[in-house]
Amino acid sequence: MCSRTASCSCGQLSIEVQGESLGNGICHCFACQRRTGSVFAALAGFAVPYKVSGTATEYVRVGDQGARFRFRFCPVCGTNLFHTEEGHEQWHVAVAIGAFADPSFPPPQDSVYDCRRHSWVQLPPGTTAHDRDPS
């Protein structure tokens, strides 16, 4: 089984995941835009187990549909590395795709909050766009 490691900018915090991703997606909601400082968040989901090295700072945000997401940041460089949804931690983790520093990482299958996507952002071919979060 293959493993991948994603790390923060300074290298203090990392997460190692096993196997292929459960799915890759991008989110254009305003909360993700503010959280990443970019125009969207690119995330990959992985099944547990995973291994975290280093120290993380946590921030909990309530989503539009009431789910609580626990985001983990590096307290040194501020990189937002991964998050879990409360009540689902035992099944999967979402990792920031850019933190893998792998240009060959597979493209997203889904794009959520497409209603807030910047007009100049083009989705990769085959990406399913959802006006809001379909879950």
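Keep in mind it's a predicted model, so treat the numbers as computed, not measured.

A.B. asks: Before we move on, can you summarise the overall build of the protein chain with the specific residues and values?
C.D. replies: Within the protein chain, the secondary structure is distributed over one helix and 11 strands. Order of helices (α) and strands (β) in the protein chain, N terminus to C terminus: β-β-β-α-β-β-β-β-β-β-β-β. Referenced to the eigenvectors of the C-alpha coordinate spread, the extents of the protein chain come out at roughly 35 × 30 × 30 Å. Considering only intrachain contacts with a sequence separation of at least 6, the fraction spanning at least 24 residues in the protein chain is 51%. If you sum the accessible surface of the protein chain, you get close to 7,300 Å²; carbon and sulfur atoms cover 53% of it. Of note, the protein chain has its 11 positive side-chain charges centred 6 Å away from the centre of its 12 negative side-chain charges.

A.B. asks: Outline the sheet that holds strand β2 (residues 14–18), supporting the account with residue identities and numerical values.
C.D. replies: Here three strands make up an open sheet; going across it, the order is β1-β2-β5 and the pairing antiparallel. Taken across any chain shown, the strands that pair with only one partner, and hence form the sheet edges, are β1 (3–7) and β5 (50–53). For this sheet, the mean angle separating the axes of adjacent strands, direction not counted, is 15°. One ladder, built from five bridges, connects β1 with β2; its direction is antiparallel. Paired with serine 3 across the strands is glutamine 18, a residue of β2.

A.B. asks: Outline the pattern of salt bridges, supporting the account with residue identities and numerical values.
C.D. replies: A complete count under the given rule lists six salt bridges for this structure. Here arginine 70 and glutamate 86 are joined by a salt bridge, their closest N and O atoms 2.6 Å apart. With arginine 70 in strand β7 (residues 68–73) and glutamate 86 in the loop between β8 (80–85) and β9 (92–96), this residue pair connects regions lying 16 residues apart in the sequence. Judged by its relative accessible area of 24%, arginine 70 falls in the partly exposed class. The partner of arginine 117 in a salt bridge is aspartate 114, with the nearest N and O atoms 2.8 Å apart. For arginine 117, a relative accessible area of 26% gives the class partly exposed.

A.B. asks: For the pairing of β1, give the residues involved together with the corresponding values.
C.D. replies: Of the two faces of β1, the one holding Arg4 and Ala6 is buried and the one holding Ser3, Thr5 and Ser7 is not buried anywhere. Taken together, β1 and the strand that follows it, β2, pair antiparallel across an intervening segment of six residues, in which glycine 11 is found at a positive phi of about 90°.

A.B. asks: Outline the packing of aromatic side chains, supporting the account with residue identities and numerical values.
C.D. replies: Under the defined criterion, the tally for this structure stands at three aromatic pairs. Ring plane angle 15° and centroid distance 5.1 Å describe the contact between phenylalanine 100 and phenylalanine 105, whose orientation is recorded as stacked. Using a relative accessible area of 9% as the deciding quantity, one classes phenylalanine 100 as buried. Grouped by ring-pair contacts, the aromatic residues Phe46, Phe100 and Phe105 constitute a single cluster.

Cut-offs used in this document
Residues numbered from 1 in each chain as written. Predicted model: local features only at pLDDT ≥ 70, side-chain atom pairs only at ≥ 80, totals over all residues. Heavy atoms only, no water. Helix = DSSP H or I, 4+ residues; strand = E, 2+ residues; numbered from the N terminus. Contact = heavy atoms within 4.5 Å. Areas by Shrake-Rupley, 256 points an atom, 1.4 Å probe, with all protein chains shown as cover. Lys, Arg positive; Asp, Glu negative; His and termini not counted. Charge placed at Lys NZ, Arg CZ, Asp CG, Glu CD. Pairing = 2+ DSSP bridges. Axes fitted to C-alpha atoms, helices over the stretch in contact; angles between N-to-C directions. Salt bridge = Lys/Arg side-chain N within 4 Å of Asp/Glu carboxyl O. Buried < 20%, exposed > 50% of the residue type's maximum accessible area, 1.4 Å probe, protein only. Phe/Tyr/Trp six-rings, centres within 6.5 Å; stacked < 30°, edge-to-face > 60°.

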